[in-house]
Amino acid sequence: MSNPPHLGRGHRTPWRSPLRGPWLTSVFGLVLLVGIPVLFVTGLLSYAAYNPDLSPVNDKTPDKGLLGFYLFSWPTHPSWLYGVNQGVHVTLGIVLVPVLLAKLWSVIPKLFERPAVRSVAHGLERLSLLALVGGGLFEFATGVLNVQLDYVFPGSFYPLHFYGAWIFMAAVVVHVALRFPRMVRALKGRDLRAELRTPVSRTRPEPPDDTGLVSPDPAPPTMSRRGALGMVGAGSAALLVVTAGQSIGGPLRETALLAPHNREPGRGPNGFQINKTAAGVGIRARDMGSDWRLVVRGGDRELVLTRQQVLRLPQHGARLPIACVEGWSTPDQRWEGVRLADLAALVGHRDRPPGVLVESVQRHGSFRTVALRDNQVRDPRSLLALKVNGADLSPDHGYPARIIVPGAPGVQNTKWVGRLSFGETL
Ligand SMILES: Nc1nc2c(c(=O)[nH]1)N[C@H]1C(S)=C(S)[C@@H](COP(=O)(O)O)O[C@H]1N2
Ligand SMILES: [Mo]
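Every value quoted in this text rests on a predicted model; they were computed, and no experiment measured them.

A. Representation of the packing of helix 5 (residues 120-148) against helix 6 (residues 157-189) in the model. Packing of helix 5 against helix 6 brings their axes to within 8 Å, and their N-to-C directions diverge by 140 degrees. Classified by the angle their axes make, helix 5 and helix 6 are oblique. Judged by the twist between their axes, the crossing of helix 5 over helix 6 is left-handed.

Written out as structure tokens, the structure is:
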């Protein structure tokens, strides 16, 4: 077979790598087939953790409709729940980037297949591939950008990444349904271990077939399949090493070269990761100084407290981490302050306190307000914290007072809190 029909006569393909073929594509495909569902599930869980149905405060996506069918009350136990889920989501997402790119490289000739559409069925299949490739690139790109560039799409990242995930996943399901038997056949066609022992000198193209992946006019090999797999694997391993430390924390944080910010958060009681500094979001000294008041509301009751008065309320402690959507977590810190349930009781919600709308004194930027669910308010470890590790909160960690709730995304731990309105959002 000198010229497969879809290439047209006299057409010399520029895609001549002798490594391309159904086996190599299937190896990358198999890795993604395992990894992408894990990304999808941890992503959906991460979205649920954010309490998006407490609209419109937490989420500006009231139209998620059917796609939000699975949302549930994210638990507060164990306290590391969100950190582990998000660590897996972000780390795995980054580690799979080289595999995704390699898989796309391996199928490039398909992009130039002619005629582009041979029949209705073929057209539909090509359309699903568009959603697959477009959706995949979109999800990986928005995820990496959000983690690396400090929320490039504040507010809109969640709906973009969420809707994108459903479109991508639908395309993945169609693609797997169509290709699974071919993948299994291709994987059985060659022995991985034998392949890993084959040097460049003995590397031969896969036999010509009807997949359109094998070059009809292969160039001499410059790399073995072992080399190609090794390169992608080494890329993933390197990314793992420079990323995972931010989720695992401790001394490993030093190796997290890709962690977006604050690899050296300083020493002392407040020496742990800072997301946004007070100066960075325009908090002025007087917002945190003697002008500061805490307003606590519930129904038609309202209390206005100074920091001294808040300090005279019963103080409780909790050892809790902060885990950000970006994938990093802090180790447990020892927080001290007033239980949210006690503050609810002050304004009349004694037995089964409702959720709360939390507002920061911060006037610009994102994350100024958040809604917490009743199960979060009721957890005795949920605090309006005034201290951490025995010292007053530093300005950057939310002085005079911040929220800390177990098991939740970091974004719910509002800093520089000015007002708590119990039962107001939900
Ligand atoms: N007012 C206010 N609270 C905030 C934020 C913010 O930008 N403004 N960032 C949130 C996010 S996204 C995270 S991950 C945590 C980080 O807390 P830390 O900076 O003390 O580590 O604070 C949360 N609280
Ligand atoms: Mo965050």
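Let's pick the thread back up.
B. Expanded view of the environment of Pro 207. Along the polypeptide, Pro 207 turns up in the loop between helix 7 (192-196) and helix 8 (225-248). In this structure, the C-alpha to C-alpha distance between Pro 207 and Leu 239, residues 32 residues apart in sequence, is 34 Å. Discounting residues that sit within four places of it in the chain, Pro 207 has contacts with Arg 190 and Val 214.

C. Up close: the UniProt feature "transmembrane region" (unreviewed entry) in the protein. Mapped onto this structure's residue numbering, the UniProt feature "transmembrane region" (unreviewed entry) falls at residues 21-50, 88-108, 129-149 and 161-180. Helix and strand shares over residues 21-50 are 93% and 0% respectively, and the end C-alpha atoms of the span are 42 Å apart.

D. Geometry of the site of ligand 1. Ligand 1 sits among 20 residues. The nearest are Gln 273, Asn 275, His 397, Arg 402 and Lys 415. One of the side-chain N or O atoms of Gln 362 is found 2.7 Å from a nitrogen atom in ligand 1. A distance of 2.6 Å separates an oxygen atom of ligand 1 from a polar side-chain atom of His 397. Isolated, ligand 1 exposes 530 Å² of accessible area, and the fraction of that covered by the protein chains is 100%. Partitioning the shell around ligand 1 into residue classes produces eight nonpolar, nine polar and three charged.

E. Up close: the sheet that holds strand 2 (residues 301-305). One open sheet accounts for five strands, arranged 2-1-10-5-6; its pairing is mixed. Since the sheet does not close on itself, it has two edges, and those belong to strand 2 and strand 6 (369-372), each with one partner. This sheet shows a mean twist of 15 degrees between the axes of neighbouring strands, independent of strand direction. Pairing between strand 1 (residues 294-298) and strand 10 (residues 417-422): four bridges, direction parallel. What sits directly across from Val 296, in strand 10, is Leu 420.

F. A nonpolar patch on the surface, seen in detail. A cluster of nonpolar side chains, namely Val 38, Trp 80, Val 84 and Val 88, defines an oily patch on the protein surface of about 340 Å² accessible area. Position of Val 84 relative to the elements: it lies in helix 2 (residues 81-95).

G. Geometry of the packing of helix 1 (residues 22-49) against helix 2. Axis separation between helix 1 and helix 2 bottoms out at 9 Å; the angle between their running directions is 140 degrees. Relative to helix 2, helix 1 is oriented oblique. For the element pair helix 1 and helix 2, the recorded crossing hand is left-handed. Between helix 1, through Gly 35, Val 38, Leu 39, Thr 42, Gly 43, Leu 45, Ser 46 and Ala 49, and helix 2, the contact on the second element is made entirely by Tyr 82, Asn 85, Gln 86, Val 88, His 89, Leu 92 and Gly 93. The class makeup of the residues in the contact of helix 1 with helix 2 is seven nonpolar, eight polar and no charged.

H. Broad picture of the UniProt feature "domain: Oxidoreductase molybdopterin-binding" (unreviewed entry) in the protein. Mapped onto this numbering, the UniProt entry gives "domain: Oxidoreductase molybdopterin-binding" (unreviewed entry) at residues 290-423. Secondary structure over residues 290-423 splits into 13% helix and 36% strand, and the C-alpha atoms at its two ends are 28 Å apart.

Basis of the calculations
Residues numbered from 1 in each chain as written. Chains lettered and ligands numbered in written order. Predicted model: local features only at pLDDT ≥ 70, side-chain atom pairs only at ≥ 80, totals over all residues. Heavy atoms only, no water. Axes fitted to C-alpha atoms, helices over the stretch in contact; angles between N-to-C directions. Helix = DSSP H or I, 4+ residues; strand = E, 2+ residues; numbered from the N terminus. Parallel < 35°, antiparallel > 145°, perpendicular 65-115°, else oblique. Left-handed = near helix turned anticlockwise from the far one by under 90°. Contact = heavy atoms within 4.5 Å. UniProt positions renumbered as here; feature names shortened; annotations may be inferred. Near = heavy atom within 4 Å. Polar contact = N/O pair within 3.5 Å; in protein donor to acceptor, adjacent residues only side chain to side chain. Areas by Shrake-Rupley, 256 points an atom, 1.4 Å probe, with all protein chains shown as cover. Nonpolar A, V, L, I, M, F, W, Y, C, P; charged D, E, K, R; others polar. Pairing = 2+ DSSP bridges. Patch = residues over 30% accessible without salt bridge, like charges linked within 9 Å, V, L, I, M, F, W, Y side chains within 5 Å. Salt bridge = Lys/Arg side-chain N within 4 Å of Asp/Glu carboxyl O.

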